[in-house]
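# Per-entry structural report
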Amino acid sequence: MKKFLGILLLLAALAIQGTAQPQQVTPISFWHGMTGVLQGTINALTDEFNAQNKDVKVNLTLQGNYDALNQKLLAAVVAGTPPTLSQMFPDWTAKIIEADALETLGDLINVNIVGDFPKSLLDENTFIINGKPTLLTVPFNKSILTMFYNSDVVKTDDLPKTWDEILSKSIKFNKDTNNDGKPDIFGWGLRVYPEIFATFFHQNGGSFFDKAGCLTINNTAGVDAMEYLVKLKGQSLYQGGFLDAPFGEGKVMMYIDSSAGLGFAERGSQGKHGVATARLPRGRANSDGMIQGTNIGLFKTASDAEKKAAIRYVEFLLSVDKTIFWAQQTGYLPVRASALKDAKWLEFLKTAKGANHQAIVDQFVNGSFAYPVEAHISAWGAVRGFIGDAIEKIMQSKASPKDALDEAAKLSNKEMKKADCI
Amino acid sequence: MNSTVTFERKLGWWRLRFGAGRAITYLVLSVVALLILLPFFWMVTTALRAPDEELIRFGPLLIPRHVHFENFVQAWETAPFGRYFFNSFFIAIVTTLAFLATSAMGGYAFARLRFPGQHILWLATLGTLMIPAEVLLIPNFITLAKWLHWSDTYYALIIPWTVSAFGIFLMRQVFLQQPKELWEAARLDGCGHLRFLWQILLPQVRPTFLTLGVLKFFWTWDMFLWVVLFTNADDMRTVTFGLYRFTSEVGTSYELWMAASLMSIAPIVLLFLLVRRQLIEGISRVGLR
Amino acid sequence: MAQVLVRNVSKHFGSLGAVNNVTLEIQDGEFFVLVGPSGSGKTTLLRMIAGLEEITEGEILIGERLVNDLPPAERDVAMVFQNYALYPHMSAYENIAYSLKLRRLSKKEIERRVQSTAQLLGIKDKLKKRPKELSGGERQRVALGRAIVREPQVFLYDEPLSNLDARLRVHMRAELQALQRRLKTTTVYVTHDQVEAMTLGHRVAVMHEGQVQQVDTPQNLYAKPANTFVATFIGSPPMNLLPGKLQEQEGRLYVVGEGFDWEIDSARVSQLHAHIGRSVLVGLRPEDLLLSDKASNHRSSLNIQIRVLERLGDMVIVYGDHGECELTAKLSPHTSVEVDQSVWLEPRIERLHFFDAINGQALG
Ligand SMILES: Nc1ncnc2c1ncn2[C@@H]1O[C@H](COP(=O)(O)OP(=O)(O)OP(=O)(O)O)[C@@H](O)[C@H]1O
Ligand SMILES: [Mg+2]
């Protein structure tokens, strides 16, 4: 009886609300894996959008971290209950499209925005569907590999411009403060993960796939790059964890990492020494840095109203204003070419806070690349894992670069069902 | 004559060895204790430092220059930790109690009862141990989220974890070790199965049972992926989920993370201290028997 | 108080017949012992009475009530287990009181009954202790107390003394006897120890391979064993058995075998008459063999060479071989015999037992 009364009251309340608010509100959900400042910023942007668009309510849901988000997304796709929008890395996207669960977001949003994406970002979001390149997702929180350095110690002249200079210039900063015969302050800090390898490989003139679609990281360019990294390890502080900590403590003068880590580098160095960024040193072929970060995808399960609302929200996030705001707050890149030329952005680069973004943007505009479309496959997660294993073995001197990369290539090609590759 | 002398010599040698053995034992134990405590110490010192502060190296220990208790406040305020704690406690307590009940009853049924289909059921129960959790993730998600619509409910967070083959298996094994006459004596005294299980059998295996409970509490408290999978609403989430707010792909706020971690393990440490006495009592009782 | 009737009861474990068609009539207030070698089905039978084992065939009645389908608790029987099966986590008091608690007796009544039981068993000052803190004998008493306190119609004991040391066993045996005399509760007592059986039982049932061989008073079991199994099972050392033949000569009855030729006393001629000409087994208790000298008629004595000799103080037991058969004799302690000595033994003819050589049944 009580329950029944309660339901009646609820219905009455809804009815009253319905009459008071004639406008229909379309709720949409956006799943993400961003914490800290990123979460604060996306919350603020979303609040702003919700306030401006009374007919839409965007519900942000943090799914813990990217790994958990990935698993939940895949489960939800299988169960047919995905959100309206979600962050996703290209290899997740590849898996999700096997279930034909994604709308072609690139075709739905304003063409002016699509036309304004820098090429490396377009590359990264393009998938081959039925033999046709298709812009399935749109870039959102994008970063690029950048060089960080201690500006109190390292002067502009000391900055390495080439791989050889990394070796020759960084070693000058190695210091043995406790006289145990081993340096405890290092010119260079090194952490090697697949994207770092990918960058050195690319800079060395390597390309990931041959014409047949076989992974070719074990070619001369790859082996050579790994050999170089092993050599670099010998004179550097090498560790598996983030380098912002030893950098902040003054134990490392220079290192390469994702530009998204700028905030952490600055926070760790605050009050101790200056932090600056620079373009990556040049390899044999080029000085490109690799694009990283997630993109946004729209799910087919959403209703038309939800899709329309979602598109508006995505266009809002990708508007020149908001992508600049996002970049300023988080250290990620503005994802539109026109944003990079926008007066507000240029103004920002001149501020103390924005100064370090100059080199990052320069790297982005003049030297960036992404995994090629061939890597936009669901097996890429496993392939990346094999590459990671090979790196681990090489850096721990458990295998020669050639052997380890051969092994990784073999396993990868098998995983990608490329039987004909050698 | 000669043999007495050698015998005494031997005795002295043994004494010496025994004494030295004891010293070595204590030494090893101390080192192990230190190794176990070190991470805790590191947690505490990290939780108390400023984000940009270097830790002073003091032998193998790192001490912060200044103590920043406000890290705890800041960590607490990063997320609705009050709600998270409530959820964690509620879920862990209910899950643990229900799990203990099903483990005891299931273990008892397989150890002491005879019923049709028992063998097949037992094999099926053991079979579930062989299935890797990853394989079950999506089927579970479909069952709970899609068919039962249990997303964002405590049902999804509690019910699937209240029964496990492991618990049933473990309890069955310890029940089997108990003499059969205990049941027969109780039966003659007028006990039914449930009363026997609760009043006679479980007290015999209390250390195992309590340990199982403590472990289950840990595991439940530690649950992360499951919570993410079945909740979207922030007020359904748990402390462990909250801890992930301090790490990201590009860096970690160690001082806040550790502050929050300390808060998160505090109840567990407390629980352990509470149960420890019971555990030791139970264990020594077994040892004396 | 009640009588226990076991009617044509059998128990099968799969194809194994642990108890086969057993019928027993245990009187009200009787101390009834089940004795037999290991595996003879004593425990199984007892457990069927207790209700711990299902009855495959037959009926069991306790005080005129058919109990086949009654759960143990409703049979009004109490059982004492070989390993006592005390509840380890409960004090002696709680152990004894537990069944009363389950019956929802008042606290006061429980207290009264536990105390008086403890008094009876002399464990009043041990009530607070847990089983592990008690000696074997004390545990035994607590186990007894647990049975007694219920004031059941029947006590069932399964080798309750076998976990005690020899001294304590003798002591407890006497106590059990006294206790039964006092309580007058019908008791079924399982043991494989014939001394226990003989000293405790008003009547004893000897079991073998799931069957009751003989039910009788201890004296009768000893004096008139129904078959060779009982004859050799009861008595220590066991009865000697010699193959022979019953023969009639000139109106007299003889039993003739290898190296002997005994005339049967006239009192028994009539009962054995029907078996003349048959092969028999002659039973001779060791104490019924007397040392004799060579001079007497050698066909009346048995010649053995002493293989083993045991001096027990109050007697000397000698073992030797007579043809195919081993012979044992209990001799006076003053006898001066030695190992390897050849001696002549003469039976007390009036105490001979005769069994059918084929089925082992007593003749007459
Ligand atoms: N639960 C059972 N399952 C199968 N066989 C059984 C079971 N219980 C007893 N038996 C068998 O039944 C027969 C009789 O066993 P029981 O325990 O009654 O012998 P017992 O006379 O009590 O012997 P003991 O003096 O060794 O205790 C034995 O052959 C035994 O192996
Ligand atoms: Mg037995």
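Everything discussed here concerns the structure shown above.
Described in the following lines is the structure provided in the data block. (Residues numbered from 1 in each chain as written. Chains lettered and ligands numbered in written order. Predicted model: local features only at pLDDT ≥ 70, side-chain atom pairs only at ≥ 80, totals over all residues. Heavy atoms only, no water.)

This part covers the interface of chain A and chain B. You'll often see interface size given as the accessible area lost when the parts meet. Between chain A and chain B, the residue contacts involve 30 residues of the former and 28 residues of the latter. Here chain A and chain B share an interface that buries about 2500 Å² over both sides, 60% of which is from carbon and sulfur atoms. On the surface where chain A and chain B come into contact, there are one salt bridge. Residue Glu 255 of chain B pairs with Arg 267 of chain A through a salt bridge whose shortest N-O separation is 3.4 Å. Seen at the junction of chain A and chain B, the total is eleven residue pairs in polar contact (both at pLDDT 80 or more). Of all the elements, helix α3 (residues 66-79) of chain A adds the most residues to the side of chain A that touches chain B, at nine residues. In terms of residue class, the side of chain A that touches chain B is built from twelve nonpolar, 13 polar and five charged. (Contact = heavy atoms within 4.5 Å. Buried area = accessible area lost by both parts, 1.4 Å probe. Salt bridge = Lys/Arg side-chain N within 4 Å of Asp/Glu carboxyl O. Polar contact = N/O pair within 3.5 Å; in protein donor to acceptor, adjacent residues only side chain to side chain. Helix = DSSP H or I, 4+ residues; strand = E, 2+ residues; numbered from the N terminus. Nonpolar A, V, L, I, M, F, W, Y, C, P; charged D, E, K, R; others polar.)

Right, let's talk about the side chain of Gln 178 of chain B for a bit. Residues and elements named next belong to chain B. Inspection of the secondary structure puts Gln 178 in the loop between α7 (165-176) and α8 (180-189). Relative accessible area serves as the criterion here: at 11%, Gln 178 is assigned to the buried category. Excluding anything up to four places from it in sequence, Gln 178 contacts Arg 112, Leu 201, Gln 204 and Val 205. (Buried < 20%, exposed > 50% of the residue type's maximum accessible area, 1.4 Å probe, protein only.)

All names here are of chain C. Of all the seven residues making up strand β17 (residues 316-322), six are buried; the element is thus mostly covered by neighbouring parts of the structure. As paired elements, strand β16 (residues 302-311) and β17 share six bridges and run antiparallel to each other. Paired with Arg 311 across the strands is Val 316, a residue of β17. The antiparallel pairing of β17 with strand β18 (residues 325-331) creates a hairpin that spans two residues between the two strands, and Gly 323 there sits at a positive phi of about 60 degrees. (Pairing = 2+ DSSP bridges.)

This next bit is on the sheet that holds β18 of chain C. Residue and element names in this part refer to chain C. Read across the sheet, five strands follow the order β15-β19-β16-β17-β18 without closing on themselves; strand pairing throughout is antiparallel. The outermost strands of the open sheet, each flanked by one partner alone, are β15 (289-292) and β18. The mean angle between the axes of side-by-side strands here comes to 45 degrees, regardless of whether they run parallel or antiparallel. (Axes fitted to C-alpha atoms, helices over the stretch in contact; angles between N-to-C directions.)

Residues and elements named next belong to chain C. The local shell around ligand 1 consists of Phe 13, Leu 16, Ala 18, Pro 37, Ser 38, Gly 39, Ser 40, Gly 41, Lys 42, Thr 43, Thr 44 and Glu 159. Between an oxygen atom of ligand 1 and a main-chain N or O atom of Gly 41, the distance comes to 3.0 Å. A distance of 3.3 Å is found between an oxygen atom of ligand 1 and a side-chain nitrogen or oxygen belonging to Glu 159. Protein contacts shield 60% of the accessible area of ligand 1, which totals 640 Å² for the unbound molecule. A per-element tally of the shell around ligand 1 places helix α1 (residues 42-50) first, with three residues. Of the residues in the shell around ligand 1, the class split is four nonpolar, six polar and two charged. (Near = heavy atom within 4 Å. Areas by Shrake-Rupley, 256 points an atom, 1.4 Å probe, with all protein chains shown as cover.)

The next subject is the nonpolar core. Residues Leu 85, Ile 109, Phe 117, Ile 296, Tyr 313 and Leu 317 of chain A together with Phe 230 of chain B are the most contacted members of the largest nonpolar core, which totals 89 residues. Residues within four places of Phe 117 of chain A in sequence aside, it is in contact with Ile 109, Leu 122, Leu 135, Val 138, Pro 139, Leu 318, Val 335 and Arg 336 of chain A. (Core = buried A, V, L, I, M, F, W, Y, C linked by side-chain atoms within 4.5 Å.)

Right, let's talk about the sheet that holds strand β2 (residues 16-26) of chain C for a bit. All names here are of chain C. Here we have four strands laid out as an open sheet, ordered β2-β1-β4-β5, and antiparallel in their pairing. If you trace the sheet from one side to the other, it starts and ends with β2 and β5 (65-66), each paired once. In the sheet, strand β4 (residues 57-62) pairs with β5 via two bridges, with the strands oriented antiparallel. Looking at the pairing, Ile 62 lines up with Arg 65 of β5. Packing against the sheet, α1 makes contact with β1 (4-13), β2 and β4, and its axis sits at approximately 120 degrees to β1.

All names here are of chain A. Within the structure shown, the criterion is met by one disulfide over all chains. The disulfide bridge from Cys 214 ends at Cys 421, spanning 1.9 Å between sulfur atoms. Linking Cys 214 and Cys 421, the disulfide has an S-S dihedral of approximately -85 degrees and is accordingly described as left-handed. Of the two residues, Cys 214 sits in the loop between α9 (194-203) and α10 (220-233) while Cys 421 sits in the segment after α19 (401-415), which places them 207 residues apart along the sequence. Take Cys 214 and Cys 421: they sit in the same class, and that class is buried. (Disulfide = S-S within 2.5 Å.)

All told, the structure shown has 50 aromatic pairs over all chains when counted by the stated rule. Judged by centre distance (4.7 Å) and plane angle (25 degrees), the rings of Phe 140 of chain A and Trp 326 of chain A are stacked. Of this pair, Phe 140 of chain A sits in strand β6 (residues 138-150) while Trp 326 of chain A sits in helix α14 (residues 320-330), and the two are 186 residues apart along the sequence. Taking the relative accessible area as the measure of exposure, Phe 140 of chain A reaches 2% and is therefore buried. Aromatic pair Phe 110 of chain B and Trp 122 of chain B: ring centres 4.8 Å apart, planes at 50 degrees, arrangement tilted. One end of the pair, Phe 110 of chain B, is in helix α3 (residues 81-112); the other, Trp 122 of chain B, is in helix α4 (residues 118-130), with twelve residues separating them in the sequence. For the pair Phe 110 of chain B and Trp 122 of chain B, a shared accessibility class is recorded, and that class is buried. Every member of this aromatic cluster is reached through a ring pair, and the members are Trp 76, Phe 81, Tyr 84, Phe 85, Phe 89, Phe 217, Trp 221, Phe 224, Phe 241, Tyr 244 and Phe 246 of chain B. One residue, Lys 233 of chain A, lies across the ring of Tyr 238 of chain A, its end atom 5.1 Å from the ring centre. (Phe/Tyr/Trp six-rings, centres within 6.5 Å; stacked < 30°, edge-to-face > 60°. Lys NZ or Arg CZ within 6 Å of the ring centre and 35° of its normal.)

With 19 residues of chain B at the interface, the matching set in chain C holds 24 residues. Between chain B and chain C lies a buried interface of about 1900 Å² when both sides are counted; carbon and sulfur atoms form 60% of it. Viewed at the interface, chain C and chain B are joined by two salt bridges. Asp 189 of chain B serves as the salt-bridge partner of Arg 150 of chain C, at 3.5 Å between the closest nitrogen and oxygen. The tally of links between chain B and chain C comes to eight residue pairs in polar contact (both at pLDDT 80 or more). Elements that contribute at least two residues to the side of chain B that touches chain C include exactly α8, α9 (193-204) and α13 (254-288) of chain B. Of the residues forming the side of chain B that touches chain C, the biggest block, nine residues, is contributed by α8 of chain B. By residue class, the composition of the side of chain B that touches chain C is eight nonpolar, three polar and eight charged.

Bringing the pairing of strand β7 (residues 186-190) of chain A into the picture now. All names here are of chain A. Among the five residues that make up β7, five are buried, leaving the element largely enclosed by the rest of the structure. Two elements, β7 and strand β9 (residues 252-258), share three bridges in a ladder whose sense is parallel. Note that in β9 the partner of Phe 186 across the bridge is Val 252. Note: β7 against strand β8 (residues 237-238), two bridges, orientation parallel. Among the inter-strand pairings, Leu 190 is bridged to a residue of β8, identified as Tyr 238.

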